[in-house]
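In case you want the letters, here they are:
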Amino acid sequence: MGIAKDLKKQAKTAEQAAVRTADEFAAEQMKNLAQAFRAQAEVVKRNKKKKKYELHRKG
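Below is a short write-up of the structure.

## Some points on the overall build of the protein chain
Part 1: Across its full length, the protein chain holds 2 helices and 0 strands.
Part 2: Since a compact globule built from 59 residues should have a radius of gyration of about 10 Å, the 16 Å found for the protein chain marks it as more spread out than a globular shape.
Part 3: Out of the 59 residues belonging to the protein chain, those deemed buried represent 17%.
Part 4: Accessible area for the protein chain stands at about 5,200 Å²; split by element, carbon and sulfur atoms hold 55% of it.
Part 5: Taken as two groups, the 16 positive and 7 negative side-chain charges of the protein chain have centres that lie 14 Å from each other.

What follows is the structure, given as C-alpha cells:
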C-alpha cells in the first residue's frame, strides 16, 4: 500500500475510535489526530505529483 493510503486508513480508524470513546477529551484528540493524518496524506500526494511533474518537465 502507498503511504497516502495508509495515512487515510489510520485517519478512518482514529475517527471510528473517537465515535466509540465516551470521554470527550479523548474523542476530540482522536478527531484531531484523524485530521492530521488526512493533512499528511494530502502533502504526500501533492509532493508525489510535484516530483512526477518535474521529472517529465526535465525529460
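## Examining the environment of Glu28
Part 1: Among the secondary structure elements, Glu28 is positioned in helix 2 (residues 24-58).
Part 2: Judged by its relative accessible area of 41%, Glu28 is partly exposed.
Part 3: Spatially, the C-alpha atom of Glu28 lies 30 Å from that of Lys48, the residues being 20 residues apart in sequence.

The rules behind each value
- Residues numbered from 1 in each chain as written.
- Predicted model: local features only at pLDDT ≥ 70, side-chain atom pairs only at ≥ 80, totals over all residues.
- Heavy atoms only, no water.
- Helix = DSSP H or I, 4+ residues; strand = E, 2+ residues; numbered from the N terminus.
- Rg over C-alpha atoms; globule rule 2.2 N^0.38 Å.
- Buried < 20%, exposed > 50% of the residue type's maximum accessible area, 1.4 Å probe, protein only.
- Areas by Shrake-Rupley, 256 points an atom, 1.4 Å probe, with all protein chains shown as cover.
- Lys, Arg positive; Asp, Glu negative; His and termini not counted.
- Charge placed at Lys NZ, Arg CZ, Asp CG, Glu CD.

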